[in-house]
Amino acid sequence: MEDCVPKIEFEMREMVKRHFTVDSLIQYAYLFLMDRLKEQLPFGRLTVLHYRMFGGEGAAVYRAAAAVEFLILATDIFDDLQDQDAPKQAWSEAPLPIALHLAAAFLTLSQQAMMDSEFDSSHVQTTMKMMNLQLLQAANGQMMDLMNVVSDEQSYFQSIKQKSAALIVHACMTGVMLTGRGWHPIVAEYAVEVGMAAQIKNDIRDLLRWDEKNDFLQRKKTLLTLYMLEDAVDQHNWIRDYFEGRLNEADVADKRGLLEEAYEKSGAMLYGSVVMRTHYNRFMELLESVPEVAVHKEMLLSILAKE
Amino acid sequence: MLKEFIRSLAQDSQLMNLATSGNLQMAGVTPAEKRAIFETLSIQADKKDNYQLVYWT
């Protein structure tokens, strides 16, 4: 597949130029876009690749991919502002009202980019309906996350399926549906599986760092922290004490090494890795079952590897 | 069942060795989970003696 990052970037800049007229809005939009471009627009590339895999031709898809990226950028800004755990992102360094305003403007720009695209209006309409439904799923998952209402594995999986996987489904399915096909259930299923695997991978990574993103310090229930909280070994009781508020952050400040040891010795790391791999293997099986996708497997994997 | 199986593995190094070599009966674990356990342990055995983070990429 062609290098579509510059083409998606061009469309994103064009949309900003066309619809933002106030200088400061344009400047902040470009600043945030520059930050986003460091990640090579994986969601937009998923859209382009799925469009091509299912027979789509022409350049109109880049505008749609820009729409996908604007939506993802907006949700990322909201997420980072809510969690306050990404201090180095451009939107975290900007004044809060400005960052919030830009996120809202990007959401609207996403919708406008779809409406400005050159696709058949009925395809645009059904695609936009799908996009909104996936975004609403993500909103439900995000609320579960914000309220920290995950209490067991079932609610954890429900939360990540809605919060993370829905956005990957949205990116892939936009490409499929703009070719004129309807909802593709196997694409949806493999997007969910790889989205869940990626989120579990992130949860494992976030557990090993010792900063504002650490799920243990944040008392956040994830697959691994839940596993530890169920651990009956007495020497890990301090972990439960911290989660239940009997110990505070100062009490555990020097326990990083102990925590890492506990994760390893209890089998929590192994458990997380095995569950992650189960979802990833299922993703691979499903991918192989769709002929249009199987032949482009390597390209799809190369995008997801950078997720 | 997977969780209980992993806990028992973590507590018994002999069981862990058997699982790593593919010689352990894994009752109550689905074939997909069995495959994931074996793959994860194989990757870990290749890289380091103790558990470490395994990325699927």
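Residues numbered from 1 in each chain as written. Chains lettered and ligands numbered in written order. Predicted model: local features only at pLDDT ≥ 70, side-chain atom pairs only at ≥ 80, totals over all residues. Heavy atoms only, no water.

Per an unreviewed UniProt entry, chain B goes by ComX pheromone and derives from Paenibacillus algorifonticola. UniProt annotates chain B under Subcellular location (unreviewed entry) with the comment "Secreted". (UniProt positions renumbered as here; feature names shortened; annotations may be inferred.)

In the annotation of an unreviewed UniProt entry, chain A is listed under the name Competence protein ComQ and assigned to Paenibacillus algorifonticola. We quote the UniProt Sequence similarities (unreviewed entry) comment for chain A here in full: "Belongs to the FPP/GGPP synthase family."

Moving on, we get to the overall build of chain B. Of the regular secondary structure elements, chain B holds 3 helices and 0 strands. In chain B, the succession of helices and strands from N to C terminus is α-α-α. For chain B, buried positions account for 42% of its 57 residues. Considering only residue pairs separated by 6 or more positions, chain B has 32% of its internal contacts joining residues 24 or more positions apart. (Helix = DSSP H or I, 4+ residues; strand = E, 2+ residues; numbered from the N terminus. Buried < 20%, exposed > 50% of the residue type's maximum accessible area, 1.4 Å probe, protein only. Contact = heavy atoms within 4.5 Å.)

This part is about the overall build of chain A. Helix and strand counts for chain A stand at 16 helices and 0 strands. Its C-alpha atoms give chain A a radius of gyration of 20 Å, within 12% of the compact-globule value 19 Å for 307 residues. Dimensions of chain A, computed from C-alpha atoms along their principal axes, come out at roughly 65 × 50 × 30 Å. Taken over 307 residues, chain A has a buried fraction of 55%. (Rg over C-alpha atoms; globule rule 2.2 N^0.38 Å.)

Let us now look at the packing of helix α14 (residues 268-288) of chain A against helix α16 (residues 297-304) of chain A. All names here are of chain A. Between α14 and α16, the least distance of the axes is 11 Å, while the angle of their chain directions is 150°. When the interaxial angle is binned, α14 and α16 end up roughly antiparallel. Crossing angle aside, the handedness with which α14 passes α16 is right-handed. Where α14 approaches α16, its residues Y280, F283, M284, L287 and E288 are matched on the opposing element by K297, L300, L301 and L304. Across the contact of α14 with α16, the residue classes break down as 7 nonpolar, no polar and 2 charged. (Axes fitted to C-alpha atoms, helices over the stretch in contact; angles between N-to-C directions. Parallel < 35°, antiparallel > 145°, perpendicular 65-115°, else oblique. Left-handed = near helix turned anticlockwise from the far one by under 90°. Nonpolar A, V, L, I, M, F, W, Y, C, P; charged D, E, K, R; others polar.)

It is worth spelling out the environment of T30 of chain B at this point. Residue and element names in this part refer to chain B. Secondary-structure assignment places T30 in the loop between α2 (13-20) and α3 (31-47). Given a relative accessible area of 36%, T30 falls into the partly exposed group. In this structure the C-alpha to C-alpha distance between T30 and M1, which are 29 residues apart in sequence, comes to 9.0 Å.

On to the packing of aromatic side chains. All names here are of chain A. With the rule as written, the count across this model stands at 13 aromatic pairs over all chains. Seen from their ring centres, F70 and F106 are 5.5 Å apart, and the 20° between their planes marks the pair as stacked. Of the two residues, F70 sits in helix α4 (residues 61-83) while F106 sits in helix α6 (residues 96-116), which places them 36 residues apart along the sequence. Of the two residues, F70 and F106, neither departs from the other in class, the shared state being buried. In this structure an aromatic cluster arises from ring pairing among W210, F216, W238, Y242 and F243. For the cation-ring pair, R13 lies above Y30, with the distance from its terminal atom to the ring centre recorded as 5.1 Å. The ring of W238 carries K255 above its face, with NZ or CZ at 5.4 Å from the centroid. (Phe/Tyr/Trp six-rings, centres within 6.5 Å; stacked < 30°, edge-to-face > 60°. Lys NZ or Arg CZ within 6 Å of the ring centre and 35° of its normal.)

Take the nonpolar core next. F106, F216 and F283 of chain A are the most contacted members of the largest nonpolar core, which has 124 residues in total. Take this core: its biggest share by element is 14 residues, from α4 of chain A. (Core = buried A, V, L, I, M, F, W, Y, C linked by side-chain atoms within 4.5 Å.)

The next point concerns the confidence of the model for chain B. All names here are of chain B. For chain B, per-residue confidence averages 78 on the pLDDT scale, and residues scoring 70 or more make up 77% of the total. No element of chain B has a lower mean pLDDT than α3, at 84, and none a higher one than helix α1 (residues 2-11), at 90. In the predicted structure, residues 49-57 sits below a pLDDT of 50 and forms 33 contacts with residues beyond four places in sequence or in another chain. (pLDDT = per-residue confidence, 0-100.)

Another point: helix α3 (residues 42-53) of chain A. Each α-helix winds once per 3.6 residues, and so residues spaced three or four apart point in a common direction. All names here are of chain A. Here α3 is 12 residues long and its end C-alpha atoms lie 16 Å apart, about the 16 Å a rise of 1.5 Å per residue gives. Among the 12 residues in α3, 11 count as buried, and that is most of the element. Within the sequence span of α3, burial applies to P42, F43, G44, R45, L46, T47, V48, L49, H50, Y51 and M53. On its buried face, α3 is in contact with α1 (5-19), α4, α8 (153-177), α9 (185-208), α15 (291-294) and α16. Looking one or two residues past α3, G55 carries a phi angle of roughly 95°, positive in sign. (Expected span 1.5 Å × (residues − 1).)

With that settled, the discussion passes to unusual backbone geometry. Glycine aside, residues mostly have negative phi angles, and peptide bonds mostly take the trans form. All names here are of chain A. A positive phi angle, near 65°, is found at Q40, a position not held by glycine. For Q40, the position within the fold is in the loop between α2 (23-37) and α3. Here Q40 falls in the partly exposed class, since its relative accessible area comes to 36%. Even without glycine at this site, L41 takes up a positive phi of about 45°. Residue classification places L41 among the buried positions, given a relative accessible area of 0%.

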